[in-house]
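Secondary and tertiary structure notes
Here is what each chain is made of, one letter per residue.
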Amino acid sequence: MKQAVAVFMILQMLPWQTASADMADAVKSPKGYGSKGYVWGKLLPEQVEVLKLNGDAVRGKEAFRGCRGCHRPDAAGVTDGTYPRLTGQHASVVIKQVTEVRAGVRVNPKMDPFSAEHAVSTQEIADIAVFLASAETTRENGKGDGDYQAKGKALYEKGRCSDCHGRRGEGNENKAYPAIAAQHYGYLKREMDYIQNGVRGNSHPDMVKAIKHYTHRDIEAMADYLSRLSDYRQSGAERNAE
Amino acid sequence: MRLTLHGIRGSWLAGVALLVPGMLLSPVITLAQTVPIAERLLLCGGCHNSDGNSAIPENPNLSGLDAEYIHRQLQDFRNGARKSPVMSGIIPLVDEKEFEALAAFFSKQKPKPGGAVDAKLAAQGKEIYDEGIVGSAVPACSGCHNDDGSGTEKYPRIASQHAAYVVQQLTNFKSGERANDVRAVMRAVAKRMNEKEIRAVAEYVVTLKGAQE
């Protein structure tokens, strides 16, 4: 009996447990990826509405109050990756994610009550999105240990991730592909795991396909690499100076 | 019996309530009269003190709260959206027309600073208040209520509020007994907290000073 307990404890300490612990609270979205009729990027009625509105960064900063309890007052998230960094994220991406969380396409129980209609109005989503896109990042993001950067870079390039997310991890505002450079390591790793396992409800099918054959180690390496890229908004000279 | 504390009208109404319990609500509402605020304070002040700084930690301080927030609470007590064994007895005595003036009056009163009894617990509460509890997805209280507890247009002031009252309200939000949080946000947060965390946060909230003028 004692031996069994000891073995169990050792098993718990193995690295692969990290991934499965994260996966434990993740569920497939009944309306999202893998469900019948799911089409990535097909506009929800509310998204049509938001896109007609003009966002205002000053109002957005005020509306962001309801978000900052988790994403922190500087919107840079929590370093361990529990909550992502939002500064510099494209407005289109913020709009897509918030509206899809509240529509239940992306299942996110932690965020759910705070992104519901009664907490954030449609106009406020537009405002918050504009505010975040222009928000400065003043705090270091959570980074991987740096050991697998080169491997991560090679995998990122070989997998043609940059076709969508850009060579500098800058994403694409027009297509609502997220900027992923300088995101927290823990968050990048978790979301890649979710996408691979089909439980990030609003995954792009091509993204699921692209990441399918990577091992968990590969994902860690890419997260390491991406977390160590600089904010895509920095100029080339600033990046070189680092 | 509590009603007798608040004058003849109160005790008479209590008598009505005892005699015809089925008719409680309608006669009371029709009998509620608008009275000058000084007279009304005899009623409210019994529990909340006439300056809105209640001496009894179970009863909330009203001083310095946003007028709109107080007004909404009064309306919610009236229409049953917020329940309280005490306020349900009191609110029928007050004319709805007085709500605005009462809210404005208490809103203008100067809050009295509070102090923590248990400094160690308050320190644990500060941690939760400022940083949240990442593991159980409890957001930082400061996100909405501000670092100093002064609140905002959308979220009420909580600085220097009695710890016993804060514990009770968080417990009620957690159980769903209090469900008049417009955004259902407070219920979501309180559900993620355990009893010890609630006590710690309350012990810290009472020490907050709010915006210094």
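Quick caveat, the model's predicted, so the values are computed rather than measured. (Residues numbered from 1 in each chain as written. Chains lettered and ligands numbered in written order. Predicted model: local features only at pLDDT ≥ 70, side-chain atom pairs only at ≥ 80, totals over all residues.)

With respect to the overall build of chain B
The helix and strand tally for chain B stands at 11 helices and zero strands. When the elements of chain B are put in sequence order from the N terminus, they spell out α-α-α-α-α-α-α-α-α-α-α. The contacts of chain B with a sequence gap of at least 6 include a subset with a gap of at least 24, amounting to 69%. (Helix = DSSP H or I, 4+ residues; strand = E, 2+ residues; numbered from the N terminus. Contact = placed C-beta atoms within 7 Å.)

Topic: the interface of chain A and chain B
Across the contact, 12 residues belong to chain A and 13 residues belong to chain B. Counting only elements with at least two residues in the side of chain A that touches chain B, the list comes to helix H5 (65-71) and helix H7 (112-115) of chain A. When residues in the side of chain A that touches chain B are grouped by element, the largest group, five residues, is from H5 of chain A. Along the lines of polarity and charge, the residues of the side of chain A that touches chain B split into five nonpolar, four polar and three charged. (Nonpolar A, V, L, I, M, F, W, Y, C, P; charged D, E, K, R; others polar.)

As for the environment of glutamate 195 of chain B
With respect to the helices, strands and loops of the structure, glutamate 195 of chain B is situated in helix H11 (residues 195-205). A tally of 11 C-beta atoms within 10 Å means that glutamate 195 of chain B is categorised as exposed. (Buried ≥ 20, exposed ≤ 12 C-beta atoms within 10 Å, placed from the backbone.)

Regarding the nonpolar core
Val94, Ala129 and Leu132 of chain A together with Val201, Ala202 and Val205 of chain B are the most contacted members of the largest nonpolar core, which totals 56 residues. Of all the elements in the fold, those that place two or more residues in this core are H5, helix H6 (91-102) and helix H8 (122-134) of chain A together with helix H7 (119-131), helix H9 (163-175), helix H10 (185-191) and H11 of chain B. For this core, the element with the highest residue contribution is H8 of chain A, accounting for eight residues. Contacts of valine 201 of chain B, omitting those with residues within four sequence positions, involve Gly125, Ile128, Tyr129 and Cys141 of chain B. Ala179, Ala181, Ala182 and Tyr225 of chain A belong to the second largest nonpolar core, which has 17 residues in total. (Core = buried A, V, L, I, M, F, W, Y, C linked by C-beta atoms within 7 Å.)

Considering the domain arrangement of chain B
All names here are of chain B. Partitioning chain B into domains gives domain 1 (2-108) and domain 2 (119-205). Across the boundary between the two partners, domain 1 contributes 12 residues, which contact 12 residues of domain 2. When its residues are assigned to classes, the side of domain 1 that touches domain 2 shows five nonpolar, three polar and four charged. (Domains from an automatic or database assignment.)

A few points about the domain arrangement of chain A
All names here are of chain A. As far as domains go, chain A holds domain 1 (30-134) and domain 2 (143-237). Measuring from the centre of the C-alpha atoms in domain 1 to the corresponding centre in domain 2 gives 20 Å. Counting residues at the interface gives 21 residues for domain 1 and 21 residues for domain 2. Class assignment for the residues of the side of domain 1 that touches domain 2 results in six nonpolar, 10 polar and five charged.

Observations regarding helix H6 (residues 99-108) of chain B
All names here are of chain B. Restricting attention to buried positions, one finds in H6 the residues Phe99, Leu102, Ala103, Phe105 and Phe106. All buried residues of H6 lie within an arc of 165 degrees about the axis, which places them on one face of the element. Turning to H6, the residues buried within the fold contact helix H3 (37-48) and helix H4 (67-79). (Arc of directions from axis to C-beta.)

Description of the confidence of the model for chain A
Residues and elements named next belong to chain A. On average, residues of chain A carry a pLDDT of 89, and 88% of them reach 70 or more. For chain A, the element scoring lowest by mean pLDDT is helix H1 (residues 2-13), at 48; H8 scores highest, at 98. When the criterion is pLDDT under 50, residues 7-20 qualifies, and its contacts beyond four places in sequence or with other chains add up to five contacts. (pLDDT = per-residue confidence, 0-100.)

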